[in-house]
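Fold and contact review
What follows is the residue order along each chain.
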Amino acid sequence: TQTRFSNLELSDHLLQGLHDAGFEQCSPIQDRALPIALRDRDVAGQAQTGTGKTATFLLAAFQRLINDDNEKVNNPRAIIIAPTRELAIQIHKDALTLSKYLNLKFALIYGGTDYKVQLEKIKSNIDIVIGTPGRIIDFYKQKAFNLDNIQVMVLDEADRMFDLGFIKDIRFLLHRMPEPKKRLNMLFSATMSYKVTELAYEHMNNPVMVRIEPDEVAAKSITQSA
């Protein structure tokens, strides 16, 4: 789009990180969803993989934490839930890139490996948890961290959460966070099914629906093979 990130309500540190990463202009989902989220309005966005939704929710989450920087609050202050370890790893990688000039600490949490390492990490005073539902709940039940001070909640690829049977886990976590109107909530999904829409309205604060693409999972620019 013609919208430049520098025209949005983003901090200079975030703009510098975007510039270093080579991002100057918004993709359609960023153009539509970011201005809403930056005004502290919840967003439920339908956008394909490969269209820039990760940067959308990361930038909005970072800006919210910058605006509400309260040193007395125990962390974590944000949680980003993804259906697969591969997606969680990619989100974490993008988060490190975009937060280059911010003093934010992340915990990357997913199953299958590095149990003790991840447990020690999340026990430290981190700002943002990025991970998959099962391992996050495992550590939560061990009281390695709490969800009492969550200011930003992100559900990425919500339709895949249903496909993989994670929705009970998601509801378990959502019910242990502050009520929806006390946090910024963002949900993204390649398809906006009835189940996903219902989840959005149940656990978000009157979200604005943003639809960018038809019900196709990946952008046409992505070549897929099996």
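Preceding this paragraph is the structure being described.
In this report, we go over the structure that sits alongside the text. (Residues numbered from 1 in each chain as written. Predicted model: local features only at pLDDT ≥ 70, side-chain atom pairs only at ≥ 80, totals over all residues. Heavy atoms only, no water.)

Judged by pairing direction, the sheet is parallel, and its 7 strands sit side by side in the order β3-β4-β2-β5-β6-β1-β7 without closing on themselves. Both outer strands of the open sheet, β3 (106-109) and β7 (208-211), are each paired with one neighbouring strand and no more. Recorded for the sheet is a direction-independent mean angle of 10° between the axes of neighbouring strands. Packing against the sheet, helix α2 (residues 28-37) makes contact with β1 (43-46), β6 (184-189) and β7, and its axis sits at approximately 170° to β7. (Pairing = 2+ DSSP bridges. Helix = DSSP H or I, 4+ residues; strand = E, 2+ residues; numbered from the N terminus. Axes fitted to C-alpha atoms, helices over the stretch in contact; angles between N-to-C directions. Contact = heavy atoms within 4.5 Å.)

Moving on: the packing of helix α6 (residues 133-141) against helix α8 (residues 167-174). Viewed as axis vectors pointing N to C, α6 and α8 meet at an angle of 40°, and their least axial separation amounts to 10 Å. Taken together, the axis directions place α6 and α8 in an arrangement best described as oblique. Between α6 and α8 the crossing geometry is left-handed. For the pair α6 and α8, the contacting residues are P133, G134, I136, I137, Y140 and K141 in the first and D169, I170, F172 and L173 in the second. Of the residues belonging to the contact of α6 with α8, the class tally is 7 nonpolar, 1 polar and 2 charged. (Parallel < 35°, antiparallel > 145°, perpendicular 65-115°, else oblique. Left-handed = near helix turned anticlockwise from the far one by under 90°. Nonpolar A, V, L, I, M, F, W, Y, C, P; charged D, E, K, R; others polar.)

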